[in-house]
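Okay, here's what each chain looks like letter by letter:
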Amino acid sequence: MKEEEKISAGILFCPGDPELKAIKLKTHNLNVDYNQTHEDETEKRAAILSEIIGEFGEGGFIQGPIAFHYGKHTKIGKNFFGNFNLTIQDDAEVVIGDNCNFGPNVTIVTPLHPMLPDERRAMLNASGEIKRFCYAKPVRIGNDCWFGASVTVCPGVTIGDNCVIGAGSVVTRDIPANSFAAGVPCRVIREITENDSMIYKPDILADNSVIPRQ
């Protein structure tokens, strides 16, 4: 089994494997290329993202700077907005649904390391060679989610549709759909309901109006 296949299987893999290092090097260099573009160089940016991200839906925009680890393990749906300093450490798969909006400094991580220090330093592979290992768990984010600034999503987490995650939260466990959640560690504060509509905040709504649902 190749090391990349071990990632998908959820078992220990060697991040120093030459094939994995080549993928990461290519992606890291493309990150630099993207980060050196101007915001209005839309065609150039789109071309670079197409080389980095496994899937990137229509209507997406990423402010930059960006930091993808593998890139190819990330799938992003339609109409995505990512603010400054988006970091996705996608050793395992990261799936983001449609119409998601991320504030600045959002970080998604998938890798995990052994807890014991001697095992973090090195272990033996099947051939008895001393290697450094880690493992990874996928992250899945539903449709229509909004993350405030500096949200961190930890390995193995699933966040349901229509969630709002408060700024500075560290999400260590699954969040059900239609939830407002916040904190360190992140916890569900309450369900999001129709009572959260802007029509009930006329002082903020001002002379604007809510589009009627079909």
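Residues numbered from 1 in each chain as written. Predicted model: local features only at pLDDT ≥ 70, side-chain atom pairs only at ≥ 80, totals over all residues. Heavy atoms only, no water.

S.K.: Go over the overall build of the chain, please, and point to the residues and values.
M.R.: Scanning the chain from N- to C-terminus turns up 5 helices and 21 strands. Each of the three principal axes of the chain carries a C-alpha extent, and together these read 70 × 40 × 25 Å. Every one of the 214 residues in the chain was classed for burial, and the buried ones make up 38%. For the chain, long-range pairs separated by at least 24 residues make up 28% of all intrachain contacts whose partners lie at least 6 apart in sequence. Approximately 12100 Å² of the chain is accessible, and the part contributed by carbon and sulfur atoms is 53%. Looking at the chain, you have 21 positive and 28 negative side-chain charges, and the mean spots of the two groups are 7 Å apart. (Helix = DSSP H or I, 4+ residues; strand = E, 2+ residues; numbered from the N terminus. Buried < 20%, exposed > 50% of the residue type's maximum accessible area, 1.4 Å probe, protein only. Contact = heavy atoms within 4.5 Å. Areas by Shrake-Rupley, 256 points an atom, 1.4 Å probe, with all protein chains shown as cover. Lys, Arg positive; Asp, Glu negative; His and termini not counted. Charge placed at Lys NZ, Arg CZ, Asp CG, Glu CD.)

S.K.: Give a description of the sheet that holds strand β9 (residues 107–109) that names residues and reports values.
M.R.: Within a sheet, neighbouring strands are paired by backbone hydrogen bonds and run either parallel or antiparallel to one another. Strand order across the open sheet formed by 5 strands is β3-β6-β9-β16-β19, with parallel pairing between neighbours. Each edge of the open sheet is held by one strand with a lone partner, namely β3 (66–68) and β19 (170–171). (Pairing = 2+ DSSP bridges.)

S.K.: I'd like a description of the sheet that holds strand β17 (residues 158–159), backed by residues and values.
M.R.: Strand order across the open sheet formed by 5 strands is β1-β4-β7-β14-β17, with parallel pairing between neighbours. Every other strand in the sheet has two partners, leaving β1 (55–56) and β17 as the edge strands with one partner each. Pairing geometry for strand β14 (residues 139–141) and β17, over 2 bridges, is parallel. Bridge assignment links Ile 141 to a residue of β17, and that residue is Ile 159.

S.K.: I'd love a proper account of the layout of surface pockets, names of residues and values included.
M.R.: Over the atoms rolls a probe the size of a water molecule, and its path tells where empty space is left. Roughly 400 Å³ of internal volume is contained in the largest pocket. Classifying every residue of the lining of the largest pocket gives 5 nonpolar, 2 polar and 4 charged. In this structure, the second largest pocket occupies an estimated 240 Å³ of space. Around the second largest pocket sit Asn 99, Asn 101, Asp 144, Cys 145, Trp 146, Asn 162, Cys 163, Val 164, Asn 178 and Ile 192, which together line it. Broken down by class, the residue content of the lining of the second largest pocket amounts to 5 nonpolar, 4 polar and 1 charged. (1 Å grid on protein atoms, 1.4 Å probe; cavity = no way out; pocket = protein on both sides within 12 Å on 5 of 7 lines; lining within 4 Å. Points joined across faces, edges and corners; volume = space filled by probe spheres on them. Nonpolar A, V, L, I, M, F, W, Y, C, P; charged D, E, K, R; others polar.)

S.K.: Now, about the side chain of Gln 63: what can you tell me, with residues and values included?
M.R.: Along the polypeptide, Gln 63 turns up in the loop between β2 (61–62) and β3. Once you skip the residues sitting within four places of it in the chain, Gln 63 turns out to touch Glu 39, Arg 45, Gly 82, Asn 83 and Phe 84.

S.K.: I'd like to hear about the pattern of salt bridges, residue by residue, with values.
M.R.: Counted by the stated rule, this structure contains 6 salt bridges. Across the pair Glu 93 and Lys 75 runs a salt bridge, and its minimum N-O distance is 3.3 Å. With a gap of 18 residues between them, Glu 93 in the loop between β6 (86–89) and β7 (94–96) and Lys 75 in strand β4 (residues 74–76) connect regions that are remote in the sequence. Salt bridges linked by common partners bring Lys 75, Glu 93 and Arg 140 together as one network. (Salt bridge = Lys/Arg side-chain N within 4 Å of Asp/Glu carboxyl O.)

S.K.: So what about the state of the cysteines? Which residues, and what values?
M.R.: Enumeration according to the criterion identifies 0 disulfides in this entry. The thiol sulfur of Cys 154 is not disulfide-bonded, and the nearest other cysteine sulfur, from Cys 186, lies at 10 Å. For Cys 186, which is in no disulfide, the shortest distance to another cysteine sulfur is to Cys 163 and amounts to 9.0 Å. Assessed through its relative accessible area of 2%, Cys 186 is described here as buried. (Disulfide = S-S within 2.5 Å.)

S.K.: Which residues make up helix α2 (residues 18–35), and what are the values?
M.R.: Along its 18 residues, α2 runs 26 Å from first to last C-alpha, staying within 8% of the 26 Å computed at 1.5 Å per residue. Listing the buried residues of α2 in full gives Leu 20, Ile 23, Lys 24, Thr 27, Leu 30, Asn 31 and Tyr 34. Projected down its long axis, α2 carries its buried residues within an arc of 125°, all on one side. Structural note: α2 exposes Pro 18 and Leu 25 on the side pointing more than 90 degrees away from its buried face. For α2, the elements touching its buried residues are α1 (3–9), α3 (42–52), β2 and β3. A side-chain oxygen of the first residue of α2 lies 3.1 Å from the backbone nitrogen of Glu 19; this N-cap is Asp 17. (Expected span 1.5 Å × (residues − 1). Arc of directions from axis to C-beta. Polar contact = N/O pair within 3.5 Å; in protein donor to acceptor, adjacent residues only side chain to side chain.)

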